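Structure assessment
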Amino acid sequence: MNNRLFLNILRFIGLALLQVMVIDNIRLGYYIHPCVYVLFIFLLPFNIPQWQLLLTGFAMGFTIDIFNGTPGLNAAATVLLAFIRPMIINAMTRRKDINPNDEPSIRNMGVSWFLVYSSLLLCFHNLTLFALEAFSIKLMNKVILQTLLSVISSLSIILLIVLIFKKNHRKTL
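Every value quoted in this text rests on a predicted model; they were computed, and no experiment measured them.

Attention now moves to the packing of helix α3 (residues 50-68) against helix α4 (residues 73-92). At their nearest, the axes of α3 and α4 sit 7 Å apart, and the two run at 155 degrees to each other. The orientation of α3 relative to α4 falls into the category roughly antiparallel. As for how α3 packs across α4, the hand of that crossing is right-handed. Each of Gln50, Leu53, Leu54, Gly57, Phe58, Gly61, Phe62, Ile64, Asp65 and Asn68 in α3 lies in contact with α4, whose residues at this interface are Leu73, Asn74, Ala75, Thr78, Val79, Ala82, Phe83, Arg85 and Pro86.

Before going further, it helps to spend a moment on the packing of aromatic side chains. What the rule picks out here adds up to seven aromatic pairs. Relative to tyrosine 31, the ring of tyrosine 30 has its centre 4.9 Å away and its plane inclined at 85 degrees; by these criteria the two rings are edge-to-face. Seen in terms of ring centroids, phenylalanine 58 and phenylalanine 62 are 5.5 Å apart; in terms of plane orientation they differ by 15 degrees. Their pairing is stacked. Here phenylalanine 58 pairs with phenylalanine 62, and both are found in helix α3, just four residues apart, close to one helical turn. Accessibility expressed as a relative area gives 40% for phenylalanine 58, which makes it partly exposed.

What follows is about α3. The end-to-end C-alpha distance of α3, which contains 19 residues, comes to 27 Å, matching closely the 27 Å that a straight helix rising 1.5 Å per residue would cover. For α3, the complete set of buried residues consists of Leu53, Thr56, Gly57, Met60, Gly61, Thr63, Ile64 and Asp65. Just downstream of α3 lies glycine 69, where phi reads positive at about 70 degrees.

Residues Leu5, Ile9, Ile13, Leu17, Met21, Val22, Ile26 and Leu28 make up a contiguous nonpolar surface patch of roughly 690 Å² in combined accessible area. Topologically, methionine 21 is positioned in helix α1 (residues 3-22).

Here the focus is the side chain of asparagine 126. Among the structural elements, asparagine 126 can be located in helix α6 (residues 111-134). A residue is classified by how much of its surface remains accessible, and asparagine 126, at 0% relative accessible area, is buried. Setting aside its immediate chain neighbours within four residues, asparagine 126 contacts Cys35, Thr147, Ser150, Val151 and Ser154.

Turning to helix α7 (residues 140-164), a few remarks are in order. Given a rise of 1.5 Å per residue, 25 residues ought to cover 36 Å, and the 35 Å separating the end C-alpha atoms of α7 matches this to within 8%. All buried positions along α7 are accounted for by Val143, Gln146, Thr147, Ser150, Val151, Ser153, Ser154, Leu155, Ile158, Leu159, Ile161 and Val162. Each element contacted by the buried residues of α7 is listed here: α1, α2 (39-42), α5 (106-109) and α6.

At phenylalanine 135, a position not held by glycine, the phi torsion is positive, near 50 degrees. Summarising the element assignment, phenylalanine 135 is placed in the loop between α6 and α7. For phenylalanine 135, a relative accessible area of 69% translates into the label exposed.

We now examine the environment of serine 119. Looking at the element boundaries, serine 119 is found in helix α6. Contact partners of serine 119, with chain neighbours within four places excluded, come to Val151 and Leu155.

Attention now goes to the packing of α6 against α7. The interhelical angle for the contact between α6 and α7, taken along N-to-C directions, is 135 degrees, at an axis separation of 8 Å. Between α6 and α7, the crossing angle belongs to the class labelled oblique. In this structure, α6 crosses over α7, and the sense of that crossing is right-handed. Contacts between α6 and α7 involve Phe114, Leu115, Ser118, Ser119, Leu122, Cys123, Asn126, Leu127, Phe130, Ala131, Glu133 and Ala134 from the former and Val143, Gln146, Thr147, Ser150, Val151, Ser154, Leu155, Ile158, Leu159 and Val162 from the latter. Residue composition of the contact of α6 with α7, by class: 14 nonpolar, seven polar and one charged.

Rules and cut-offs
- Residues numbered from 1 in each chain as written.
- Predicted model: local features only at pLDDT ≥ 70, side-chain atom pairs only at ≥ 80, totals over all residues.
- Heavy atoms only, no water.
- Axes fitted to C-alpha atoms, helices over the stretch in contact; angles between N-to-C directions.
- Helix = DSSP H or I, 4+ residues; strand = E, 2+ residues; numbered from the N terminus.
- Parallel < 35°, antiparallel > 145°, perpendicular 65-115°, else oblique.
- Left-handed = near helix turned anticlockwise from the far one by under 90°.
- Contact = heavy atoms within 4.5 Å.
- Phe/Tyr/Trp six-rings, centres within 6.5 Å; stacked < 30°, edge-to-face > 60°.
- Buried < 20%, exposed > 50% of the residue type's maximum accessible area, 1.4 Å probe, protein only.
- Expected span 1.5 Å × (residues − 1).
- Patch = residues over 30% accessible without salt bridge, like charges linked within 9 Å, V, L, I, M, F, W, Y side chains within 5 Å.
- Areas by Shrake-Rupley, 256 points an atom, 1.4 Å probe, with all protein chains shown as cover.
- Salt bridge = Lys/Arg side-chain N within 4 Å of Asp/Glu carboxyl O.
- Nonpolar A, V, L, I, M, F, W, Y, C, P; charged D, E, K, R; others polar.

By themselves, these figures tell us nothing about what the structure is for.
So, in structure tokens, the structure goes:
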């Protein structure tokens, strides 16, 4: 089995379990709902085909929906995230600055790039998720507040995860 495929399967399972077993069971208030499972989509390689990205986004969102009893909410938000990911990457980078086989990580792209990239994608994802959940224009103030607070909490946890599992590439003599 390909190393990258094995790593992505482990990431999928690990992030889904972390989300449904730990993060979803921590109550941080009505407006704060961290979403760390989206890190799986964030870290997929630059050269992944669009159809595969959308299918993977659906699989991750649907997995979270099954465990949370939210029929389609996470799947819809994660598919949208997977759809706009290439647009965000294209808007933030020049083709010559990226290696198509790499993944958009702190190590490959830098901390500030990764923060902006993650923040934008989290904003789209969370806004979609909470707007679909509220399903009312009257609740838009709450949706925006919930989105902002959840993006901040999600980004904090995602950065912690990325830094904990950061690969240290040291040259051996």
